[in-house]
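A closer look at the structure
Spelled out from the first residue to the last, the chains are:
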Amino acid sequence: MSEQPLLQVHNLKTYFYTEDGVMPSVDGVDFDLHEGETLAIVGESGWGKSVTSLSIMGLVQCPPGKIEAGEILYHGKDLLKISKKEMRSIRGNEISMIFQEPMTSLNPVFTVGRQIMESFIIHQKLNKKEARTKAIEMIRMVGIPDPEKVVDKYPHELSGGQRQALTLLMATLVTPKLLLLDEHTAALDPATADKVLELTKSIVAEKKITCLMVTHNMHQALELGNRTIMMDKGKIVT
């Protein structure tokens, strides 16, 4: 690992303003994440783990949410002070995020093949035929049967585990420097969750991706993370 952290979060405070008052979802969070490391943040639902990830990605809905204080330093640059245009160029290219529900990442009106192909056409300048062949290879790589048929299916025609495997694939096609995992196996049955976790470990290790994982599952945190910290009611407690 390099001495300079890839990501530094200092005194992050993200509050939500509701009819019932102010909710300090993230209340003074500090942590560092080095290149090549996988850090797991563990805590119960509603304790600010996911809002921490959304804050890093610049995806906190305002209103009702607002980042009130802190720094999010990526390669030493404060993501809270850059323009929306610059943040959009970083999001999805250098920093990717996988959500608990894969349908939030997959477009329901396009086939999974078309969605995978788009990345190859845009970033590798492949033609449609080459991109389709590559998409089939990628679907096969993540262990989904009959990739020649799956490439023409829509997301709703696949199982939750298959959708999450494809979401993971698409999020790492461009090899982001930082991957955020937001309870990405929580909606899956235990056996499928284990398979997706193993796939995650394989891709993260192969591509040497730095990873921030938020989860309520300590077993998964220890399985994937090099380091684990606990979050309780908006604060880091260990």
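See the structure above.
What this report covers is the structure whose coordinates are included nearby. (Residues numbered from 1 in each chain as written. Predicted model: local features only at pLDDT ≥ 70, side-chain atom pairs only at ≥ 80, totals over all residues. Heavy atoms only, no water.)

One way to put it is that helix α3 (residues 112-123) packs onto helix α6 (residues 160-172) with a least axis distance of 10 Å and a crossing angle of 15 degrees. The pairing of α3 with α6 is recorded here as roughly parallel in orientation. Seen from above, α3 lies across α6 with left-handed handedness. From α3, Val112, Gln115 and Ile116 reach across to α6, where they touch Leu166, Leu169 and Met170. (Axes fitted to C-alpha atoms, helices over the stretch in contact; angles between N-to-C directions. Helix = DSSP H or I, 4+ residues; strand = E, 2+ residues; numbered from the N terminus. Parallel < 35°, antiparallel > 145°, perpendicular 65-115°, else oblique. Left-handed = near helix turned anticlockwise from the far one by under 90°. Contact = heavy atoms within 4.5 Å.)

The final tally for this structure, using the stated rule, is nine salt bridges. As a salt-bridge pair, Arg227 and Glu37 come within 2.7 Å of each other at their nearest N and O atoms. With a gap of 190 residues between them, Arg227 in strand β9 (residues 227-232) and Glu37 in the loop between β2 (21-33) and β3 (38-42) connect regions that are remote in the sequence. Note on Glu37: relative accessible area 5%, which makes it buried. Through salt bridges with shared partners, one network takes in Glu198, Lys201 and Glu223. (Salt bridge = Lys/Arg side-chain N within 4 Å of Asp/Glu carboxyl O. Buried < 20%, exposed > 50% of the residue type's maximum accessible area, 1.4 Å probe, protein only.)

Strand order in the open sheet formed by six strands is β6-β7-β8-β3-β9-β10, and the pairing between neighbours is mixed. Looking at strand neighbours, the two that pair on one side only are β6 (95-98) and β10 (235-236), the edges of this open sheet. Bridging between strand β7 (residues 178-182) and strand β8 (residues 210-215) involves five bridges; their strand directions are parallel. Of the residues in β8, the one forming a bridge with Leu181 is Met213. (Pairing = 2+ DSSP bridges.)

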